[in-house]
Amino acid sequence: MKPWYITTAIDYANGDPHLGHALEKIGADAIARWHRLQGTPVRFLMGMDEHGQKVFQSAQAAGMSPQAWVDGISTHFEQTWLSLHCAHDDWMRTTEPRHAAGVQALLERIRERHPEDLFVGEYEGLYCVGCEEFKQEGQLVDGRCPEHPSRELVRTKEKNTFFRLSAYRDRVLALVEANDAFRVEPQIRRNEILSTLREGLQDISISRARLPWGIPFPGTDDETVYVWFDALINYLSATGYPEAGWDAIWPADLHVVGKGITRFHCIIWPAMLLAADLPLPKAIWAHGYVQWGGAKVSKSEGSSVTIAEGAERHGADALRWFLLREVGFENDGDFTFERFDAVYESELANGLGNLASRVLAMIEKYRGGMVPTATPAALPVADAAVDAYAAAMDANDLKGAAKLVVDVVTEANGHITVAAPWALAKGGQEAELDVVLVTLATTLLRLSVMTFPFMPEKATALWNALGQDGTPAAAWTNAKRPAVGGASVRKPENLFPRRES
RNA sequence: GGCAGGGUAGCUCAGCUGGUUAGAGCACGGCACUCAUAAUGCCGGGGUCGCGGGUUCGAGUCCCGCCCCUGCUACCA
């Protein structure tokens, strides 16, 4: 059975991972876990983009070989994602031989199927000797390189191989308009892509002369593949392409990317695949950015919170929860410690954590730790939340799904007040008390399943506290029809301890 | 400049095709309860709905103008 194949953008090996990267990986991980929750085999790809001018320069500046430089960065990124409980199945690095093989095979395939789409042309631009790279008009300040204002820019010509992107404009436009086999989401991003396509496309240069740090361009002496063209292909090369078996994984079901790189994923990448006569990914999801006190967090130089600081505050799962619940996976959102602390305390410590604590304590106190086998009472919000949650997760509405979790917690707390189990115990109303306790335990079981994609460690702790073995990783049927009657519970350490202060 | 999306309580946001006193969560104040992580539940204070016109019996919700914010308009990655 073909796995459900999800990818994140590969990060450029030229700096440290920051919260902006983290949102993407965590969101994609939550989506991957949601599919696994339903028993679907999933393949989750993450990785690193390790070629290009800037990497080469950074390595030189650090006095290292490019490979040693990217080796260190790759390890650092992967460890960071693992520490945030992102459970990828494959870690692709564009400096791996399997990737170079995929890139060259794809180029050769395009040349074979549509030879007219690859042609030699001349690239002309303003070259800064200080930076050793071409500058765009928009990058210039007073007609000079902002990094080296004392140097003259040199108008230079370079022979490059071009990809006839313009030839695919109509087909890509039709696909994006149809929004069926190839979907661009959310809609605001789709609209941007549509307007870009309607304005028309230019052919793009896809090779670089004089840059040794890259994949050799097939059929040339000294050219390397332009880093973006190379990078996009990682999604395909990670399937093993062109080795047998790649089509058991490809096409991707979802590429998760940042809103800043939709042009590459929604226009260039499908055009490349069309040129190669290969299937297109089913969907692209472009998330927004994390801001730090209203300012951009990405690309800045440590002026904002680090991932380590964020994870240390209340734990990795709490950081995951906050990013998906408060920042969100569609629009931009703000990260502040004030907000993080407030959400942690109200929703996790006082909300979910305290609910688990009081319910488990009552089951221990009134029933010796055994969940009664009575039939649970209906809780309208919780019962409806299961389907609503599934719909939200299917739509990548992680914020909405998280809100449903909070709604269920709120309803359960209200139910306790109304049912007053302590009064039932005092009055000897044993049957009624059984119903209340099994209803609450059932709700907790549901919550442990629903929170698993967001907070896998905490969800598992709750699952185990309810006497369940293993993890809720594939337990969606238990959310729909939870059965905990007869289970032996044990109250765990506080799931979400309040902060000492 | 063009295109797109926004500007609603201290903060984060809901408000569909215009209609009774503009809503939620957090924060804040009061009350209740005791199973619980001094948690929870109930009640309450708090808003010129960016600004100015207009249409209408009636506009946060439609039209015009203006101000402000964000993104896309780049072969940077």
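If you're wondering where the values come from, they're calculated on a predicted model, not measured in any experiment.

A. Spotlight on the packing of helix α1 (residues 19–37) against helix α11 (residues 316–327). In the contact formed by α1 and α11, the axes pass within 10 Å of each other and the chain directions differ by 90°. On the basis of their axis angle, the class for α1 and α11 is roughly perpendicular. Contact residues: L19, A22, L23, I26, G27, D29, A30 and R33 in α1; L319, R320, L323, L324 and V327 in α11.

B. Local environment of the pattern of salt bridges. Counted under the stated rule, the structure contains 28 salt bridges. Of the charged contacts in the structure, one is a salt bridge between D29 and R320, with a shortest N-O distance of 2.7 Å. Here D29 is found in helix α1, whereas its partner R320 is found in helix α11, with 291 residues between them in sequence. Residue R367 is joined to E430 by a salt bridge in which the shortest nitrogen-to-oxygen separation is 2.7 Å. Residue R367 is found in helix α12 (residues 337–367), and its partner E430 is found in helix α16 (residues 430–451); the two are separated by 63 residues along the sequence. Several salt bridges share partner residues, and in doing so they unite R43, D90, E96 and R98 into one network.

C. Molecular detail of unusual backbone geometry. Look at the link from E185 to P186: it is a cis peptide, with omega at -5°. Here P186 lies in the loop between β8 (183–185) and α6 (187–199). Cis geometry is found at the peptide bond from W250 to P251, where omega equals 5°. Its place among the elements puts P251 in the loop between α8 (234–237) and β12 (254–258). Residue D277 is not a glycine yet carries a positive backbone phi of 55°. Take D277: it is sitting in the loop between α9 (262–275) and β13 (283–287). Judged by its relative accessible area of 38%, D277 is partly exposed.

D. Region of interest: the environment of D11. If you trace the backbone, D11 turns up in strand β2 (residues 11–12). Looking at D11, its side chain comes within polar contact range of the side chain of K25, at 3.2 Å.

E. Representation of the protein's contact with RNA strand B. What surrounds RNA strand B is a group of 41 residues, the closest being Y12, Y123, Y226, N354 and R358. The sugar-phosphate share of atoms of RNA strand B within 4 Å of the protein amounts to 65%. Note that a base nitrogen of RNA strand B is positioned 3.2 Å from one of the side-chain N or O atoms of W228. Of all the secondary structure elements, the ones that give two or more residues to the surface near RNA strand B are α6, α7 (227–232), α9, α12 and α14 (398–419). When residues of the surface near RNA strand B are assigned to their parent elements, the largest contribution, 13 residues, is made by α12.

F. Up close: the side chain of T224. If you trace the backbone, T224 turns up in strand β11 (residues 224–225). The contacts of T224, once residues within four sequence positions are left out, are I206, S207, R208, L211, P212, G214, I215, P216 and F217.

G. Highlighting the packing of aromatic side chains. Under the definition given, this model contains 19 aromatic pairs. Each ring, one from Y344 and one from F496, has its centre 6.2 Å from the other, and the planes form 80°; the classification is edge-to-face. Highlighted residues: Y344 in helix α12 and F496 in the segment after α18 (476–480), separated in sequence by 152 residues. Above the ring of F496, the side-chain terminus of K458 is found at 5.3 Å from the ring centroid.

H. Just the nonpolar core, in detail. Among the nonpolar cores identified, the biggest contains 107 residues, and I6, L84, L323, F335, Y389, F454 and W476 are the most heavily contacted of them. A per-element tally of this core places α12 first, with 13 residues.

I. Fine view of the pairing of strand β3 (residues 42–49). In terms of burial, β3 is largely enclosed, as seven of its eight residues are buried. Where strand β1 (residues 4–8) and β3 come together, four bridges link them in parallel fashion. Considered in β3, the bridge of W4 is made with V42. As paired elements, β2 and β3 share two bridges and run parallel to each other. Considered in β3, the bridge of Y12 is made with D49. Relative to strand β4 (residues 90–93), β3 runs parallel, the two sharing four bridges. Opposite M46, over in β4, you have W91 as the bridge partner.

Rules and cut-offs
Residues numbered from 1 in each chain as written. Chains lettered and ligands numbered in written order. Predicted model: local features only at pLDDT ≥ 70, side-chain atom pairs only at ≥ 80, totals over all residues. Heavy atoms only, no water. Axes fitted to C-alpha atoms, helices over the stretch in contact; angles between N-to-C directions. Helix = DSSP H or I, 4+ residues; strand = E, 2+ residues; numbered from the N terminus. Parallel < 35°, antiparallel > 145°, perpendicular 65-115°, else oblique. Contact = heavy atoms within 4.5 Å. Salt bridge = Lys/Arg side-chain N within 4 Å of Asp/Glu carboxyl O. Buried < 20%, exposed > 50% of the residue type's maximum accessible area, 1.4 Å probe, protein only. Polar contact = N/O pair within 3.5 Å; in protein donor to acceptor, adjacent residues only side chain to side chain. Near = heavy atom within 4 Å. Phe/Tyr/Trp six-rings, centres within 6.5 Å; stacked < 30°, edge-to-face > 60°. Lys NZ or Arg CZ within 6 Å of the ring centre and 35° of its normal. Core = buried A, V, L, I, M, F, W, Y, C linked by side-chain atoms within 4.5 Å. Pairing = 2+ DSSP bridges.

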